[in-house]
Amino acid sequence: MNFSCSSCHKTYTIPDGKLPSTKKLAFPCPDCGHRIELNLGDNASGDAATAEKTSVAAAPTSAPADDQQTAEELKNRILSNLSGLPSIPQIVFKAHEIMEDPNSSTSKVAELIETDQAIAAKVLKMANSAYYGMSGKVSSIQHAAVVLGDKALGELITLAGTSSLLGNKLYGYAMDSGELWRHSMTVAFGSKIMAQRHMPQLENDAFSVGLIHDVGKLVLDRPVLNRKSLFDEFMAAGDKTFLSAENRILGFDHAEIGYDICRQWQIPDTLAKAILYHHRPSAAADDDLVSIVSMADTIANMAAAMSMVGHIQSGIDAVMYMVDDTVMERLALGEKDLGVVMEAALDAVEKIMLEIAPS
Ligand SMILES: [Fe+2]
Ligand SMILES: [Fe+2]
């Protein structure tokens, strides 16, 4: 989306895939300070995307000439071919299983991690990052388990186990290598911070779901790239989100197929549901995990959009956000809180990224 400041006329671009899923975004022009208001239209809401999905069935002409598959056929083909997707290592699920067992101990988790050298090395690196406050002091997984405790160890295992999965470049979504990983970590830490405030029992789940909420983009990247001209044409029509383009052109979106992937991975339905609804929280208004992850995603997208127009350096407090009011209420968040969550999440990601790059 291109826009310009009505006062100094400087023009800015936010890539379509980076637009927040909110209806409006307002911030001071980084150049002259004049207030810029962007109206992203009704298409910014997931509900609108769902409405468009219905119209896809009646508009088969939107399918590309070289690929006449129905949405259902395309989805089934993707899901039956998940072997091409590096999966979350089984060790991550096993570690979480042990941690949830009240009769188990942290040292058992540490023993398990030590059986996978790649994961163990990453866990150690991140345990020594400034975020976990142990800079250079943790020398073994057993040591990390003792000084950091269960929760932090669980986070580290999840981070270490997903970094390869989320680190690749996405050509269809125009995301450089590491970009999805950084976004996913921001959502994970944003989710964790919001859960800690009022729903501490959801802290671990919020972190894990936040980290893999966009897993659907990994499998849709190729189909999106194959239909690039259709996506470009749709987005050029103006005021559209990439999510509505997915629904219109593919017949389903990355949140929907992300849910299906989680079911195949046997991730509990409560967690998979938060992935399914992360762009349309109003469809699951009574679900706290959905509210947390969708809000964290909005905050992360806004942070990315603002850093692109150079605003993030000039302070985030002055930014006014228009987000889903019911979600704000449910999470007991005020406008100022969003800036606080954003800053804390970005800070956590920066500190960890200094120690580990996805591989
Ligand atoms: Fe998403
Ligand atoms: Fe996202």
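Our subject is the structure that appears above.
Anyway, here's the lowdown on the structure attached to this text. Here the structure is a predicted model, which is why all the values come from computation and not from measurement.

**Considerations on the overall build of the protein chain**
Now for step 1: Secondary structure assignment for the protein chain yields 16 helices and five strands.
Now for step 2: Looking at the 359 residues of the protein chain, the share that counts as buried comes to 53%.
Now for step 3: Residue pairs in contact within the protein chain that sit at least 24 positions apart in sequence constitute 65% of those at least 6 positions apart.
Now for step 4: Counting every atom, the protein chain has about 15600 Å² of accessible surface; 50% of that belongs to carbon and sulfur.

**Overview of the coordination of the iron ion (ligand 1)**
Now for step 1: For the iron ion (ligand 1), the full set of protein donor atoms is D214 (OD), H254 (NE2), H278 (NE2) and H279 (NE2), at a range of 2.1 to 2.2 Å.
Now for step 2: One can describe the donor arrangement at the iron ion (ligand 1) as irregular, given that its four donor atoms subtend angles of 86 to 177° at the metal.
Now for step 3: Here the iron ion (ligand 1) and the iron ion (ligand 2) are spaced 3.5 Å apart, with D214 acting as a shared donor.
Now for step 4: Take H279: its relative accessible area is 13%, and that puts it in the buried class.

**Things to note about the layout of surface pockets**
Now for step 1: In this structure, the largest pocket occupies an estimated 770 Å³ of space.
Now for step 2: Forming the walls of the largest pocket are 30 residues, and the residues nearest its centre are F93, H96, E100, S208 and L271.
Now for step 3: Those elements that place two or more of their residues in the lining of the largest pocket are helix 3 (90–100), helix 6 (141–166) and helix 8 (203–212).
Now for step 4: Looking at the lining of the largest pocket, its residues break down into 12 nonpolar, 11 polar and seven charged.

**Regarding the packing of aromatic side chains**
Now for step 1: Going through the model one piece at a time under the given rule, you end up with five aromatic pairs.
Now for step 2: Both rings, one in Y131 and one in F189, keep their centres 4.9 Å apart while their planes meet at 70°; by these two values the pair is edge-to-face. Separated by 58 residues along the polypeptide, Y131 in the loop between helix 5 (117–127) and helix 6 and F189 in helix 7 (residues 179–198) bring together distant segments of the chain.
Now for step 3: Between F231 and F242 the ring centres are 5.1 Å apart and the planes differ by 20°, which places this aromatic pair in the stacked class. Here F242 lies in helix 11 (residues 242–249) and F231 lies in helix 10 (residues 228–236), a separation of 11 residues in the sequence.
Now for step 4: Relative accessible area serves as the criterion here: at 2%, F231 is assigned to the buried category.
Now for step 5: Judged by its relative accessible area of 15%, F242 is buried.
Now for step 6: Through successive ring pairs, a cluster of aromatic residues spans Y131, Y132, F189 and F207.
Now for step 7: One cation-aromatic arrangement involves K75 over F252; the distance from NZ or CZ to the ring centre is 5.6 Å.

**With respect to the pattern of salt bridges**
Now for step 1: Using the criterion set out here, one finds 13 salt bridges in the structure.
Now for step 2: Here the residues in one salt-bridge network are K75, E256 and D260, joined through shared partners.

**Looking at unusual backbone geometry**
Now for step 1: With a phi close to 50°, A174 is a non-glycine residue in the positive phi region.
Now for step 2: You can see A174 is positioned in the loop between helix 6 and helix 7.
Now for step 3: Residue class for A174 comes out exposed when judged on its relative accessible area of 59%.

**Concerning the packing of helix 2 (residues 71–79) against helix 12 (residues 254–264)**
Now for step 1: Packing of helix 2 against helix 12 brings their axes to within 11 Å, and their N-to-C directions diverge by 40°. Of the possible angle classes, the one that applies to helix 2 and helix 12 is oblique. The handedness of the crossing between helix 2 and helix 12 is right-handed. Touching K75, I78 and L79 of helix 2 are E256, I257, D260, I261 and Q264, all from helix 12.
Now for step 2: A breakdown of the residues in the contact of helix 2 with helix 12 according to their chemical character gives four nonpolar, one polar and three charged.

**Thoughts on the coordination of the iron ion (ligand 2)**
Now for step 1: Binding of the iron ion (ligand 2) to the protein goes through H183 (NE2), H213 (NE2), D214 (OD) and D297 (OD), at separations of 2.2 Å.
Now for step 2: Coordination at the iron ion (ligand 2) is irregular, judged from the four donor atoms that bind it and the angles of 85 to 174° they form at the metal.
Now for step 3: Expressed as a motif, the donor residue spacing for the iron ion (ligand 2) is H-x29-H-D-x82-D.
Now for step 4: For H183, a relative accessible area of 11% corresponds to the buried category.

**Topic: the side chain of K122**
Now for step 1: Tracing the backbone shows K122 in helix 5.
Now for step 2: Nearest to the buried, unbridged K122 among oppositely charged side chains is D116, at 8.3 Å.
Now for step 3: In terms of polar contacts, K122 uses its side chain to reach the side chain of S164, at 3.3 Å.

About the criteria used
Residues numbered from 1 in each chain as written. Chains lettered and ligands numbered in written order. Predicted model: local features only at pLDDT ≥ 70, side-chain atom pairs only at ≥ 80, totals over all residues. Heavy atoms only, no water. Helix = DSSP H or I, 4+ residues; strand = E, 2+ residues; numbered from the N terminus. Buried < 20%, exposed > 50% of the residue type's maximum accessible area, 1.4 Å probe, protein only. Contact = heavy atoms within 4.5 Å. Areas by Shrake-Rupley, 256 points an atom, 1.4 Å probe, with all protein chains shown as cover. Donors = N, O, S within 2.8 Å, 3.2 Å for Na, K, Ca; no water. Tetrahedral: all angles 85-135°; square planar, octahedral: opposite > 155°, others 65-115°. 1 Å grid on protein atoms, 1.4 Å probe; cavity = no way out; pocket = protein on both sides within 12 Å on 5 of 7 lines; lining within 4 Å. Points joined across faces, edges and corners; volume = space filled by probe spheres on them. Nonpolar A, V, L, I, M, F, W, Y, C, P; charged D, E, K, R; others polar. Phe/Tyr/Trp six-rings, centres within 6.5 Å; stacked < 30°, edge-to-face > 60°. Lys NZ or Arg CZ within 6 Å of the ring centre and 35° of its normal. Salt bridge = Lys/Arg side-chain N within 4 Å of Asp/Glu carboxyl O. Axes fitted to C-alpha atoms, helices over the stretch in contact; angles between N-to-C directions. Parallel < 35°, antiparallel > 145°, perpendicular 65-115°, else oblique. Left-handed = near helix turned anticlockwise from the far one by under 90°. Lys, Arg positive; Asp, Glu negative; His and termini not counted. Polar contact = N/O pair within 3.5 Å; in protein donor to acceptor, adjacent residues only side chain to side chain.

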